[in-house]
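# Coordinates in review
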Amino acid sequence: MTLSASLRTVLAAARALHDTRADLQTFAHFPDWAPSVNLAPQPIPAVPLVAGCTAADHPETRALALAVRAAAPLASWEQTYSEAEVGRDFLNRYGYFELLGPTGHFHSRSLRGYIAYWGPGLDYGWHAHAAEELYLCLAGAAEFHAEGRAPRILRPGESLVHDANQPHAMRTTDSPILTWVLWRGQDLGGQARMVPKAVA
Ligand code: ZN
């Protein structure tokens, strides 16, 4: 499959998932039109891990997870953090790409949608961003922490929301996690930044 067709399959699966889920629809409207930007593939060390990810999924998330696995070698992967911040092992087993958004494979100014992956046993420290965020677990599981809330294990098919600027953190256990992450609201083109540890 070509790059464009492969990523269009991911977008179509994300749209179809959105159409079946009240939590996603409540969070944001999926853009009716998002033109392809033809970003070049940008591989990272975790691409084979994503392509081979067989962690438990959910009937509703399976189509998107499979589309992501197939498109993984062609996506324009990014890593927000430096080795000094998170270490080499973290960078070898984590990454994300912006499927939809201001700088994504498909352009939108109203909604940002990322596919993000973390391998087993990774500790994603406290961070925050101005945009409001919804995490949907496509496959695997992780423990999510957010300031002012009890920790919660997010499993396939489950979602949670972070408020604007609410510090949050995440830890995978013996399973990786593959997620679909939506951003809405302020600073849609911004990035997460590490923040001091919050008391959950
Ligand atoms: Zn976040």
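Here we summarise the structure given alongside this text.

### As for the overall build of the protein
Of the regular secondary structure elements, the protein holds six helices and ten strands. Once the C-alpha set of the protein is aligned to its principal axes, its extents read approximately 45 × 35 × 30 Å. Taken across its 200 residues, the protein has 52% of its residues classed as buried. When the accessible surface of the protein is summed, it comes to about 8,700 Å², and 54% of that surface belongs to carbon and sulfur atoms. Of the side-chain charges in the protein, 16 are positive and 19 negative, and the distance between the mean point of each set is 2 Å.

### Side note on the coordination of the zinc ion
At this site the zinc ion is bound by H129 (NE2), E133 (OE), E133 (OE) and H168 (NE2), with donor distances of 2.1 to 2.5 Å. Bound by four donor atoms, the zinc ion shows angles of 55 to 144° at the metal and therefore irregular coordination geometry. Along the chain, the residues donating to the zinc ion fall in the pattern H-x3-E-x34-H. Taken individually, H129 and E133 each receive the classification buried, so the pair is uniform in this respect.

### As for the pattern of salt bridges
Scanning the entire structure with this criterion turns up ten salt bridges. Close ionic contact of D89 with R93 constitutes a salt bridge, the shortest N to O distance being 2.9 Å. Between R149 and D163 there is a salt bridge whose closest N-O contact spans 3.4 Å. Taken together, the positions of R149 in the loop between β6 (132–146) and β7 (152–154) and D163 in the loop between β8 (159–162) and β9 (168–184) put the pair 14 residues apart, joining distant regions of the chain. Given a relative accessible area of 33%, R149 falls into the partly exposed group. According to the relative accessible area criterion, D163 is partly exposed, its value standing at 40%. Because the salt bridges share partners, they merge into one network encompassing R21, D23 and E60.

### Focus: the pairing of strand β5 (residues 123–128)
Strand direction decides the pairing type here: β5 and β9, joined by three bridges, are antiparallel. If you follow H127 over to β9, its bridge partner there is H168. The pairing of β5 with strand β10 (residues 193–194) spans two bridges and is antiparallel. Bridge pairing in β10 places A128 opposite R193.

### Side note on the packing of aromatic side chains
On inspection of all chains with the given rule, the structure shows eleven aromatic pairs. Relative to Y94, the ring of Y81 lies with its centre 6.5 Å away and its plane at 35°, an arrangement referred to as tilted. With Y81 in the loop between β1 (77–78) and α5 (83–86) and Y94 in strand β2 (residues 94–101), the pair connects residues that are 13 residues apart, well separated along the chain. The burial state of Y81 is the same as that of Y94; both residues are buried. Just above the ring of F27 sits the side chain of R184; from NZ or CZ to the centre is 4.5 Å.

Rules and cut-offs
- Residues numbered from 1 in each chain as written.
- Predicted model: local features only at pLDDT ≥ 70, side-chain atom pairs only at ≥ 80, totals over all residues.
- Heavy atoms only, no water.
- Helix = DSSP H or I, 4+ residues; strand = E, 2+ residues; numbered from the N terminus.
- Buried < 20%, exposed > 50% of the residue type's maximum accessible area, 1.4 Å probe, protein only.
- Areas by Shrake-Rupley, 256 points an atom, 1.4 Å probe, with all protein chains shown as cover.
- Lys, Arg positive; Asp, Glu negative; His and termini not counted.
- Charge placed at Lys NZ, Arg CZ, Asp CG, Glu CD.
- Donors = N, O, S within 2.8 Å, 3.2 Å for Na, K, Ca; no water.
- Tetrahedral: all angles 85-135°; square planar, octahedral: opposite > 155°, others 65-115°.
- Salt bridge = Lys/Arg side-chain N within 4 Å of Asp/Glu carboxyl O.
- Pairing = 2+ DSSP bridges.
- Phe/Tyr/Trp six-rings, centres within 6.5 Å; stacked < 30°, edge-to-face > 60°.
- Lys NZ or Arg CZ within 6 Å of the ring centre and 35° of its normal.

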